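# Coordinates in review
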Amino acid sequence: MHILTVPDMTCGHCVGVISAVLTELDPDCELSFELASRRVEIGTRLPREEIVEALSDAGYDCE
Ligand SMILES: [Cu+2]
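Throughout, a residue's number is its position along its own chain's written sequence, starting from 1. Residues qualify for local features only when their pLDDT is at least 70, as the model is predicted, and side-chain atom pairs are given and counted only at 80 or more; totals for whole chains, interfaces and linings, by contrast, use all residues. Each side-chain value is derived from all of the structure's non-hydrogen atoms; neither hydrogens nor water enter the calculation.

The name an unreviewed UniProt entry assigns to the protein is Heavy metal transporter, from the organism Oceanimonas doudoroffii.

As structure tokens, then:
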């Protein structure tokens, strides 16, 4: 489980893009979005660095 903060995740479109990126990386990942606080919870075995890199490539820097 990783918890990331994605400052540029501001609307449902962003959630859709991020969801698609993460699902492509790991079709079995479990995602929970909290738009107001810009948080994403990601249940996956993927290493955190791989997720951060993929989201960055998609235009969403995160920490
Ligand atoms: Cu958006």
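Coordination sphere of the copper ion, protein contribution only: Cys-11 (SG) and Cys-14 (SG), at 2.0 Å. Note on exposure labels: buried denotes an accessible area under 20% of the residue type's maximum, exposed denotes more than 50%, and partly exposed covers the range between, all computed with a 1.4 Å probe on protein chains only. Residue Cys-14 is classed as buried on the basis of its relative accessible area, which comes to 6%. A donor here means any N, O or S atom no more than 2.8 Å from the metal (3.2 Å for Na, K and Ca); water is not included, so a site may seem to lack partners.

Now for the pattern of salt bridges. Counted as salt bridges are all cases of a side-chain nitrogen of Lys or Arg within 4 Å of a carboxyl oxygen of Asp or Glu. Tallied over the full model, the rule gives two salt bridges. The salt bridge partner of Glu-41 is Arg-39, with a shortest N-O separation of 3.4 Å. Linked through salt bridges whose partners overlap, the residues forming this network are Glu-34, Arg-39 and Glu-41.

With antiparallel pairing, the three strands of this open sheet are ordered in space as β1-β3-β2. Both edges of this open sheet fall to β1 (2-5) and β2 (30-34), since each of them pairs with a single strand only. Taking each pair of neighbouring strands and ignoring which way they run, the sheet shows an average axis angle of 15°. Strands are treated as partners if at least two bridges between them are detected by DSSP. Each helix corresponds to a stretch of at least 4 residues labelled H or I by DSSP, and each strand to a stretch of at least 2 residues labelled E; elements are numbered beginning at the N terminus. Here β1 runs beside strand β3 (residues 39-43); their pairing, made up of four bridges, is antiparallel. Residue Leu-4 lies in a different strand from β3, and its bridge partner there is Val-40. Helix-sheet contacts for helix α2 (residues 48-57) involve β1 and β3, and the interaxial angle to β1 is about 30°. Here the axes come from fitting lines to C-alpha atoms, over the contacting stretch only for helices, and the angles between their N-to-C directions go from 0 to 180 degrees. A contact between two residues is defined here by any heavy atoms of the two lying within 4.5 Å.

Residues forming no salt bridge and having over 30% relative accessible area are the ones grouped into patches, like charges within 9 Å of each other and nonpolar side chains (Val, Leu, Ile, Met, Phe, Trp, Tyr) within 5 Å. Values of accessible area rely on a 1.4 Å probe in the Shrake-Rupley scheme; residue burial ignores everything except the protein chains shown. Asp and Glu count as negative and Lys and Arg as positive, but His and the ends of the chain are not part of the count. Note that the charge is assigned to NZ on lysines, CZ on arginines, CG on aspartates and CD on glutamates. A surface patch of negative charge is lined by Glu-49, Glu-50, Glu-53 and Asp-57. Along the chain, Glu-53 turns up in helix α2. Glu-53 sits in the exposed class, given a relative accessible area of 53%.

Turning next to the pairing of β2. With five bridges joining them, β2 and β3 adopt antiparallel strand pairing. If you follow Phe-33 over to β3, its bridge partner there is Val-40. Following β2, the chain reverses through four residues before pairing antiparallel with β3; Arg-38 in that reversal takes a positive phi of roughly 60°.

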